[in-house]
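Listed here are the chains, written in short residue letters.
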Amino acid sequence: MLNASLKQLAHQLAARKISSIELTEIFLERIKTLNKDLNAFITVNEEMSLDQARAADKMISSGQVQPLTGIPVAQKDIFCAKGWLTTCGSKMLSNFVSPYDATIIERFNQAGAVIIGKTNMDEFAMGSSNETSYYGPVKNPWDISAVPGGSSGGSACAVAARMAPAATATDTGGSIRQPAALCGISGIKPTYGLVSRYGMIAFASSLDQAGPMAKSAEDLALLMNVMAGFDARDSTSMQRQTEDYSRDLEKPLDRLRIGLPKEYFAKGMNHDVASAVEAAIAEYRKLGATIVEVSLPNTKLSIPVYYVLAPAEASSNLSRFDGVRYGYRAPQYSDLEDMYKKTRAQGFGAEVKRRILIGTYVLSHGYYDAYYLQAQKLRRLIANDFTEAFKQCDVIMGPTTPAVAFDFGEKSDDPIQMYLSDIYTSATNLAGLPGMSIPVGFGDKNRPVGLHIVGNYFREAQMLNIAHQYQQVTDWHLRAPERLPVA
Amino acid sequence: MTLSLDDVKRVASLARIEISEDEAQQMLTQLSGIFSLIEQMQAVDTSGIEPMSHAQDMMQRLREDVVTESDQHLLFQSVAPQVEAGLYLVPKVIE
């Protein structure tokens, strides 16, 4: 059961070989065994999970079955879920039991899925290693001395360690794809606007996008069918026709043109990552794809641009945490301003403060044009690069990260080194394009390597097809960490 | 551009985050490093480029001016640090 695909689980449930209660108990037991070491979950609430499982069993016995009915899904702790502690990895929300459901949660609930727990994450999704979580870092299940990536490290770890069949995540600069790569699983960040942001705690609103994590592309397609869709409560939600993201999975790839950006392969990529990625490209050639060289000349600017725009938006979004309406309030203060200052000084961790200060600075009087406006202009150039590249190819491929998972502490004192681990991913957020990562092998110290697939706007079904076809001829996505045997 | 300790303190105050002398000093070192990375942006000539404020070019949707939400203030205030008679309590601001 722990290794089963979502489709297999659905068949088992439909055939009454197992009940949702039993399935939920299996995963709760797995979490109980492993979470002490891996710290993938901030909150587990057996009673609430089993209540949902019971309701799912009723749905199944009355014939109201949807593809995910009765299946446990781990929810990133950035999504407000009614009655669940929702911390966003921060002390600021350490007492916040959400009074309402995010749209994503609502959609999973309506699909009859079971919330198996709330997953650990970098504080307010700001980090690439999970070391900024107030609740302690998540460990990489392949090697507990390595980081799982971030910010959705808990979700990635939960799927990789088979503590959940699937999970939700969010991606502002790489927070789905980077931890998926580092933990050896599959994850997709959809086109901006495809998945509702309502009830998803905001970091940088013009970049934030939710998406699923799972073992395979086939599973991701089923999850996308639940997650994507218009939501009137999100002002940037796209009004589009409903899609079946599984529809193209079986299409052959013989007419596929894969673009390889020469800048990605020039320098900066470690040798072990390069050889795994090249082997994957070779596999795609065998599947009939044509390889073309493309150019993304402004990619190198994506990190500086990202570190102006994301903190600027964050400094505005996080101003809501003031100790008045919800969350943490400092125990002692002299007046209102002192209350704000002490609440925010005590409630936010170091990385969040750094980014709020960067954002406040770049938006402050006299600096706006030099930083914020200039970054917005460069954002246009970065997006234009992709538009040009997509004239010559259907998808762009490269490494998800320059190196395999690093050790704890290796980059935590050096914010810039940490930021550079998102060098290949953040440009797609700036452009608003969909991106995904799938496992394509192992590098140094036997740590997983991810292949980054960037598609054109709204081409998720095609990207899932491309990933699925690779997963039909390889088995990297079926590997689980051997140190955590699945009974 | 060089950032000063006073800049850090001023920005922290604008952001309503209390910061100690030690923290400000440490923050100065880190922010200076990050800004030297950000400075790479200045090398590019962007005259004539339209700023891109959002991932999608879309118009803000408008909706009918009708009530769509019910009053749930009791539920929403149940998670507030201090509430009295339906009001959020803060330290006195007007003498």
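None of these values were measured; they are calculated from a predicted model. (Residues numbered from 1 in each chain as written. Chains lettered and ligands numbered in written order. Predicted model: local features only at pLDDT ≥ 70, side-chain atom pairs only at ≥ 80, totals over all residues.)

1. Some points on the overall build of chain B
Line of reasoning, step 1. Scanning chain B from N- to C-terminus turns up three helices and two strands.
Line of reasoning, step 2. Secondary structure of chain B in N-to-C order comes out as α-α-α-β-β.
Line of reasoning, step 3. Taken over C-alpha atoms, the radius of gyration comes to 23 Å for chain B, far larger than the 12 Å a tight globule of 95 residues would show.
Line of reasoning, step 4. Along the three orthogonal principal directions, the C-alpha set of chain B runs to about 55 × 45 × 25 Å.
Line of reasoning, step 5. For chain B, the residues scored as buried account for 14% of the 95 residues in total. (Helix = DSSP H or I, 4+ residues; strand = E, 2+ residues; numbered from the N terminus. Rg over C-alpha atoms; globule rule 2.2 N^0.38 Å. Buried ≥ 20, exposed ≤ 12 C-beta atoms within 10 Å, placed from the backbone.)

2. Re the overall build of chain A
Line of reasoning, step 1. When helices and strands are counted, chain A shows 16 helices and 11 strands.
Line of reasoning, step 2. In summary, chain A has a C-alpha radius of gyration of 21 Å against a globular reference of 23 Å for 487 residues, a match within 12%.
Line of reasoning, step 3. When burial is assessed residue by residue, chain A has 61% of its 487 residues classed as buried.

3. Looking at helix α16 (residues 460-473) of chain A
Line of reasoning, step 1. With 14 residues, α16(A) ought to run about 20 Å at 1.5 Å a step, and its terminal C-alpha atoms sit 21 Å apart, in line with that.
Line of reasoning, step 2. By the criterion of burial, α16(A) is predominantly enclosed, with 10 of the 14 residues buried. (Expected span 1.5 Å × (residues − 1).)

4. With respect to the interface of chain A and chain B
Line of reasoning, step 1. If you look at the interface, chain A gives 51 residues, while chain B gives 39 residues.
Line of reasoning, step 2. Residue assignment for the side of chain A that touches chain B shows that the elements contributing at least two residues are α10 (302-317), α11 (336-347), α12 (350-363), α13 (369-389) and α14 (415-419) of chain A.
Line of reasoning, step 3. Per-element accounting of the side of chain A that touches chain B gives the leading share, 11 residues, to α13(A).
Line of reasoning, step 4. When the residues that make up the side of chain A that touches chain B are grouped by side-chain class, the tally is 30 nonpolar, 10 polar and 11 charged. (Contact = placed C-beta atoms within 7 Å. Nonpolar A, V, L, I, M, F, W, Y, C, P; charged D, E, K, R; others polar.)

5. Some thoughts on the UniProt feature "domain: Amidase" (unreviewed entry) in chain A
Line of reasoning, step 1. In the UniProt entry, the feature "domain: Amidase" (unreviewed entry) is given for residues 22-464 of chain A.
Line of reasoning, step 2. Annotated as residues 22-464 of chain A, this span is 38% helix and 14% strand, and its ends, taken at the C-alpha atoms, are 30 Å apart. (UniProt positions renumbered as here; feature names shortened; annotations may be inferred.)

6. Regarding helix α9 (residues 271-286) of chain A
Line of reasoning, step 1. Over its 16 residues, α9(A) runs 23 Å from end to end, which matches the ideal 22 Å to within 8%, given 1.5 Å per residue.
Line of reasoning, step 2. A positive backbone phi angle near 105 degrees is found at A:Gly288, which sits one or two residues after α9(A).

7. Side note on the packing of helix α2 (residues 20-38) of chain A against helix α3 (residues 46-61) of chain A
Residue and element names in this part refer to chain A.
Line of reasoning, step 1. The N-to-C vectors of α2 and α3 enclose an angle of 150 degrees; their axes lie 8 Å apart at closest approach. When the axis of α2 is compared with that of α3, the two are roughly antiparallel. When you trace α2 past α3, the crossing you get is right-handed. Judged by residue contacts, Ser20, Ile21, Thr24 and Leu28 of α2 engage Glu46, Ser49, Leu50, Ala53, Arg54, Ala56, Asp57 and Ile60 from α3. (Axes fitted to C-alpha atoms, helices over the stretch in contact; angles between N-to-C directions. Parallel < 35°, antiparallel > 145°, perpendicular 65-115°, else oblique. Left-handed = near helix turned anticlockwise from the far one by under 90°.)

8. Points about the pairing of strand β2 (residues 72-76) of chain A
A regular strand carries its side chains on alternate faces of the sheet.
Residues and elements named next belong to chain A.
Line of reasoning, step 1. When you tally the buried positions in β2, you get five out of five residues, the bulk of the element.
Line of reasoning, step 2. Residue alternation in β2 divides its side chains into two sets, Pro72, Ala74 and Lys76 and Val73 and Gln75, and both sets are buried.
Line of reasoning, step 3. For β2 and strand β3 (residues 114-119), the ladder comprises five bridges, and the chain directions are parallel. By the bridge assignment for β3, Val73 is matched with Ile115.
Line of reasoning, step 4. In this fold, β2 hands off to helix α4 (residues 103-110), which returns the chain to β3; that crossover is right-handed. (Pairing = 2+ DSSP bridges. Right-handed = clockwise from strand over helix to strand, strands pointing away.)

9. So, the packing of helix α7 (residues 217-227) of chain A against α16(A)
When two helices pack together, their arrangement is captured by the angle between the axes and the distance separating the axes.
All names here are of chain A.
Line of reasoning, step 1. For the pair α7 and α16, interaxial distance at closest approach is 8 Å and the crossing angle is 155 degrees. The angle between α7 and α16 falls in the class roughly antiparallel. Note on element contacts: α16 touches α7 through Glu460, Leu464, Ala467, His468 and Gln471, opposite Ala217, Glu218, Leu220, Ala221 and Met224.
Line of reasoning, step 2. A per-class count over the contact of α7 with α16 returns six nonpolar, two polar and two charged.

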